Every structure is written in structure tokens, then in C-alpha cells.
Amino acid sequence: MGLMDLTALELGKKIKAGELTAMDAVEAALASIEEKEERLHSFLTVDPKGALEQAKAVQKRIETGELKGPLAGVPVAVKDNLCTRGMLTTCASRILYNFKPPYTAEAVANLQRAGGIVIGKTNMDEFAMGSTTETSAFGITRNPWNLEHVPGGSSGGSCAAVAARECPLSLGSDTGGSIRQPSSYCGVTGLKPTYGTVSRYGLVAYGSSLDQVGPIARDVSDCAALLEAIASYDRKDSTSVQRAEYDFTSALQEDVAGLRIGIPKDYFGEGLDAQVRNAILGAAKLLEKRGAILKEFDLGLVPYAIPAYYIISSAEASSNLARFDGIKYGYRAGEYEGLHSMYKRSRSQGFGAEVKRRIMLGSFVLSSGYYEAYYIKALKVKALIKEAFDRAFDHCDVILAPAAPSTAPKIGASLKDPLKMYLSDIYTVAANLAGLPGLSLPCKLDDKGLPIGLQLLGNCFQEKKIIRAGYTLEQALGGHFPAPKEVLKETGGKCHEQTV
Ligand code: GLN
């Protein structure tokens, strides 16, 4: 067993006890990345020199007793839409191919304050728009469980890196499911916090009213510990919420006695793969055996979540992405005639097809004449969805649902039909529209050997309830989910091309 087979908390404990150093942990992560990247391509940037420097500084502070936290010395991969000072932050887009931010995102700074070590930046769908990591301008990432399948998206690189034991932890972002869905496809645990819990300062905005940064880990305990490290009130983010407490790890208890678990019938109907359905209902039974009370109910409005989400997220994206014009930073077209032509060519050449589709859709729904019919209507639907969840949480503590309608699709199967791809976000987008926290964790393998993930949703600020239910379920399922060892042993050819 190598060091990367340890969970983050186990690794942190050994470093604290003096059995290992932060440098040992970083070197083990770098060796694992070196061995697997040719096949996986989870990372866009790996920073061996910087990571070792951070490790040395952290190690000193651990030895002087200054750093006492459970994650001190643990290597962490960071999604490439979180700004890291002096380190490339591309959002997997050609338009930011050379962007080195002058500042660090607050979530990453918090992680570093806790002694976490940034080992590199992970691949993703371009500007977090997509569900497969295939819209990256810099080549695809493969699923460590089966290299012919996608890792999900948009935080596909972050989830593949953790699943493949390249590092124990990573950060992702979730606008409509981008932490929960790839966690489910890769057999790892990911949490989207209540909107406003983790600062968005330094997260390159996609849909500002929906975006949240969150932890990705091997198990619920690591996930809770990483959330505790990154969550904070931040005056630099006007939507940051001052919470009553920032303790999440005290919820790591094996106890669901009396916990009311809602099962939305409308999430288990047509379109859900039978194996996924059975695995999730099986998990519900395990929780019931431990004392939880299962309650079936109709959530309602489910068919409206996808259209509302894609209208709102594209509207916000079209506005947020207006800043990328090739003037101050990023890609600029080589040839142009005058200012207008420079903008046009830089943006035409810098953005990929999916991003352009969202900018066009967003500009359309915000244009006068259509604004009321689409954008305002979508905001009304958003409010109704929030009300539907409010009613549900009157009679249950936690909602149990699938994270995705199926396990990971094959590479190349999704992009041909974008509408179908959008529909596969059916179980995740509602939590973003309502601002709710959601935890995705693996519960079983399907008959193709691919992980099946389930999702626990809580009311706003009720992360502790979903962490408690998730932790209990994880124990009931036998502790840690296995690693995708066999596939990673296979030798593969070169699996990606750098396109810029
Ligand atoms: N698949 C969704 C989209 O493309 C969700 C993305 C995300 O959460 N960043 O918008």
C-alpha cells in the first residue's frame, strides 16, 4: 500500500505524529501523477517545485506547533477555474491559455492556511460548461474505472485525480451538479455546500447566483474536513453568508435514528437506469435498518428544473464571459483589422463551441422582447422550486436521490446531442436553483464495473444532517469504496492532445 492509498485524514495524522513529512506526501502524489497522467490526463498543470516548497514551509510550521489542523501537509488538486497566484488558471479555455492570476481564490487561500498543499490544477469542461470534461480545450480526461468512459463534468479532472489516488483531496465547483455528478461517475465523495458558505472570490464565474466551490474526497470524513477548511465568511464576496458555525466534522456520527429521509417519487421514474434505481433504493433500506424513517413524496416541478437552469445559467454566463476580450489578458487573435475585429476574432478563436452556444443562448434570453418570456419566467420557476423544497423539508430532514440517471457514458457519446446531455443534469440542478447543500457518494458498482453514486440533499445550512446520513450510509456499506486499481495498471497509449 502506498501513501496515496491513505485517506487525507490518515495521511495528516501520520504527518502530525512525525511518521511522515509533508515532503513525503507531496513526493508520493507527484510519483502517482507521473505514473498515471499519460492515461488519465486529470491535470492541466502540475507544480512539483512549488508543491515541494510549500511542503517544506508547512513541515516547519507543523514542527513548531503552529499548524495543528488535520489536513496540514496533505496534497490537494485544485480545479482550474480557481485562481492561484502566479500559477496558470485556464478554465480549460484557449482564451485563458496563458493567464496567471495576480491573486489566489479565497477557498484556496483558506486551504493553504490550514496547511493544505496545492499540487496542481485539474482539467474541466471549458468554463465549467459541460457534463463530461470533453469540452476542455486541452484534451479529455478519462475515467479511472474504465478508460473508455468519461469521468463526468465539469469537475472531471478533480474527481478522476482523487479516484485514481493521484492525490487524496481536490476542490471542484458546482453550478448545476459539477461536483456531485463527476463524483458519482468516478466513485468518490463530493459536496456542494449551501450557496454562500464557501467564498466565490477568485472562482472564475460561470453562473454567479448558482456557483459554489466544494470538496472532493475519498470518503465522507475527508470531505467534511476539507469543507471545514475552506468554508468562511468573506467580505470580498458580496454573496458570502456569515454562518453561525463552521464546524462540519462533529457530524461524522453513525446515527440516523429517527432521521426522516424523503424519497422523491418523481426522481425515480422514467429515464432512470434500473441498476441505479435499485442501488439507491437498496441504500435507502440500509438507512432504514439503522433507524431512519423513509418517506416517499412528490417533489413536483421536476420537468421545469432543466429549462430554468439552462436559461438562468446561460444568461449569467453571457454576462460574466463578456470580460474575456483579448485586451488585458488571455488569448488575442494574431490578425485583425481594427478594434471590433480584434474582439470578434479573439472571442471566436478563443472560446469553444459549447461556450459559444451558452453565450448565444444567454444573450438571446436577456434581449429585449424575450427577457420577460424566458429569463423572468425562469426566475419565477426558480422561486417555485425553492418553495417545493421548503415544503418537502417540512416533513423530512434529508432527501435521498440519484446523482445522475446512469453511470458514466462512453467517451464521444454525449457531445453529439447537447440537449440530451443537458437532460442528464436532471437530478442535480434543482439544488443549485434552491441554494441547497448536496452530498454525492458511491454506493455500488454496476454490471460494467462502473460506480453508481447517490445524492443526499439537505435544507439550507443543514450540511451536518447530510454528512451524518452520508457517514452512516458509508459505514453500512462497509467503509471505504474500493479503488479502480486494475484499469490503472493497464498500459495505455497517449490519450490526449494539447490543442494550444
Ligand atoms: N452540466 C451543467 C452545465 O453544463 C453543470 C455544470 C456545472 O455545475 N458547472 O451547466
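Residues numbered from 1 in each chain as written. Predicted model: local features only at pLDDT ≥ 70, side-chain atom pairs only at ≥ 80, totals over all residues. Heavy atoms only, no water.

### A look at the overall build of the chain
Consideration 1: If you tally the helices and strands in the chain, you get 16 helices and eleven strands.
Consideration 2: Judged by the C-alpha coordinates and their principal axes, the chain covers about 70 × 55 × 45 Å.
Consideration 3: Sorting the 500 residues of the chain into buried and exposed places 61% on the buried side.
Consideration 4: When contacts within the chain are restricted to residue pairs at least 6 apart in sequence, long-range pairs at least 24 apart make up 77% of them. (Helix = DSSP H or I, 4+ residues; strand = E, 2+ residues; numbered from the N terminus. Buried < 20%, exposed > 50% of the residue type's maximum accessible area, 1.4 Å probe, protein only. Contact = heavy atoms within 4.5 Å.)

### Focus on the pattern of salt bridges
Consideration 1: Enumeration according to the criterion identifies 23 salt bridges in this entry.
Consideration 2: Residues Glu-354 and Arg-358 are paired through a salt bridge, measuring 2.7 Å at the closest nitrogen-oxygen approach. Separated by four residues within a single helix, Glu-354 and Arg-358 lie in helix 11 (residues 353-366), roughly one turn from each other.
Consideration 3: For Glu-354, a relative accessible area of 7% translates into the label buried.
Consideration 4: One connected set of salt bridges, linked through shared partners, spans Glu-106, Arg-113, Asp-234 and Lys-236. (Salt bridge = Lys/Arg side-chain N within 4 Å of Asp/Glu carboxyl O.)

### Some remarks on the site of the ligand
Consideration 1: Near the ligand lie 15 residues; those nearest to it are Thr-175, Gly-176, Ser-178, Tyr-206 and Tyr-309.
Consideration 2: Take Ser-131: an N or O atom from its side chain is 3.0 Å from a nitrogen atom of the ligand.
Consideration 3: Backbone polar atom of Gly-177 to an oxygen atom of the ligand: 3.3 Å apart, as the coordinates give it.
Consideration 4: Protein coverage of the free-state accessible area of the ligand, which is 290 Å², stands at 99%.
Consideration 5: For the shell around the ligand, a count of residues per class yields five nonpolar, seven polar and three charged. (Near = heavy atom within 4 Å. Polar contact = N/O pair within 3.5 Å; in protein donor to acceptor, adjacent residues only side chain to side chain. Areas by Shrake-Rupley, 256 points an atom, 1.4 Å probe, with all protein chains shown as cover. Nonpolar A, V, L, I, M, F, W, Y, C, P; charged D, E, K, R; others polar.)

### Looking at the packing of helix 7 (residues 220-230) against helix 15 (residues 463-476)
Consideration 1: The N-to-C vectors of helix 7 and helix 15 enclose an angle of 155°; their axes lie 9 Å apart at closest approach. The orientation of helix 7 with respect to helix 15, classified from their angle, is roughly antiparallel. Seen from helix 7, the contacting residues are Val-220, Ser-221, Ala-224 and Leu-227; seen from helix 15, they are Glu-463, Ile-467, Gly-470, Tyr-471 and Glu-474.
Consideration 2: Split by residue class, the contact of helix 7 with helix 15 holds five nonpolar, two polar and two charged. (Axes fitted to C-alpha atoms, helices over the stretch in contact; angles between N-to-C directions. Parallel < 35°, antiparallel > 145°, perpendicular 65-115°, else oblique.)

### Let's talk about the confidence of the model for the chain
Low pLDDT means the predicted atomic positions in that stretch should not be read closely.
Consideration 1: Per-residue pLDDT for the chain averages 96, and the proportion of residues at 70 or more is 98%.
Consideration 2: Confidence over residues 493-500 falls short of pLDDT 50; this stretch has 20 contacts with residues more than four positions distant or in other chains. (pLDDT = per-residue confidence, 0-100.)

### Considerations on the sheet that holds strand 6 (residues 212-217)
Consideration 1: Sheet architecture is open: eleven strands sit in the order 1-3-2-4-6-5-10-11-9-7-8, paired in mixed fashion. If you trace the sheet from one side to the other, it starts and ends with strand 1 (43-46) and strand 8 (293-297), each paired once. In this sheet, adjacent strand axes meet at a mean angle of 30° when their direction is disregarded.
Consideration 2: Inspection of the sheet shows strand 2 (residues 75-79) paired to strand 4 (residues 169-174) by three bridges, in the parallel sense. Each bridged residue has a counterpart across the sheet, and for Ala-77 the counterpart in strand 4 is Ser-170.
Consideration 3: Packing against the sheet, helix 5 (residues 156-163) makes contact with strand 1, strand 2, strand 3 (117-122), strand 4 and strand 6, and its axis sits at approximately 155° to strand 4.
Consideration 4: This element, helix 8 (residues 274-289), spans strand 7 (260-264), strand 8, strand 9 (398-402), strand 10 (438-445) and strand 11 (451-458) of the sheet and lies at about 55° to strand 11. (Pairing = 2+ DSSP bridges.)

### Describing unusual backbone geometry
Consideration 1: Of the consecutive residues Gly-153 and Ser-154, the connecting peptide bond is found in the cis state with omega at 10°.
Consideration 2: Within the fold, Ser-154 resides in the loop between strand 3 and helix 5.
Consideration 3: If you check the backbone angles, Thr-133 has positive phi at about 65° while not being a glycine.

### Comments concerning the pairing of strand 8
Consideration 1: Two elements, strand 7 and strand 8, share five bridges in a ladder whose sense is parallel. The partner of Arg-260 across the bridge, within strand 8, is Ile-293.
Consideration 2: Once the chain exits strand 7 it traverses helix 8 before rejoining the sheet at strand 8, and the crossover so formed is right-handed. (Right-handed = clockwise from strand over helix to strand, strands pointing away.)

### Thoughts on the nonpolar core
Consideration 1: Membership of the largest hydrophobic core comes to 140 residues, with the highest contact counts inside it found for Ile-119, Phe-127, Tyr-267, Phe-389, Leu-454 and Leu-456.
Consideration 2: It is helix 9 (residues 302-320) that contributes the most residues to this core, ten residues altogether.
Consideration 3: In this view, Phe-389 contacts Tyr-267, Leu-299, Ile-399, Ala-430, Ala-434, Leu-436 and Leu-457; residues no more than four positions away in its chain are not counted.
Consideration 4: With eleven residues, the next largest nonpolar core counts Cys-159, Ala-160, Cys-186 and Phe-481 among its residues. (Core = buried A, V, L, I, M, F, W, Y, C linked by side-chain atoms within 4.5 Å.)

### A few points about the pairing of strand 10
Consideration 1: Of all eight residues in strand 10, six are buried, a share of seventy percent or more.
Consideration 2: Relative to strand 10, strand 5 (residues 189-192) runs antiparallel, the two being bridged by three bridges. Residue Gly-190 lies in a different strand from strand 10, and its bridge partner there is Ser-440.
Consideration 3: Relative to strand 11, strand 10 is paired through seven bridges, and the arrangement is antiparallel. Considered in strand 11, the bridge of Gly-438 is made with Leu-457.
Consideration 4: In textbook terms, the turn of a hairpin is the stretch between consecutive antiparallel strands, and for strand 10 and strand 11 this stretch comprises five residues, one of which, Gly-449, has a positive phi near 80°.

### A closer look at a nonpolar patch on the surface
Consideration 1: On the surface, a nonpolar cluster with roughly 250 Å² of combined accessible area is contributed by Ile-327, Leu-339 and Tyr-343.
Consideration 2: In this fold, Tyr-343 is placed in helix 10 (residues 338-350). (Patch = residues over 30% accessible without salt bridge, like charges linked within 9 Å, V, L, I, M, F, W, Y side chains within 5 Å.)

### A look at the packing of helix 8 against helix 15
Consideration 1: For the pair helix 8 and helix 15, the least separation of the axes is 10 Å and the interaxial angle reads 100°. One element, helix 8, and the other, helix 15, form an angle in the roughly perpendicular class. Residues Ala-283, Leu-286 and Leu-287 of helix 8 lie in contact with helix 15, whose contacting residues are Ala-469, Thr-472, Leu-473 and Ala-476.
Consideration 2: Considering only residue class, the contact of helix 8 with helix 15 consists of six nonpolar, one polar and no charged.

### Topic: the side chain of Glu-166
Consideration 1: In this fold, Glu-166 is placed in the loop between helix 5 and strand 4.
Consideration 2: The buried charged residue Glu-166 lacks any salt bridge partner; its closest oppositely charged side chain belongs to Lys-36, at an N-O distance of 6.5 Å.
Consideration 3: Among the polar contacts made by the side chain of Glu-166, one reaches the side chain of Ser-42 at a distance of 2.8 Å.
Consideration 4: What Glu-166 contacts, discounting residues up to four positions off in sequence, is Met-4, Ala-29, Ser-32, Ile-33, Lys-36, Glu-37, Leu-40, Ser-42, Phe-43 and Ala-161. (Lys, Arg positive; Asp, Glu negative; His and termini not counted.)

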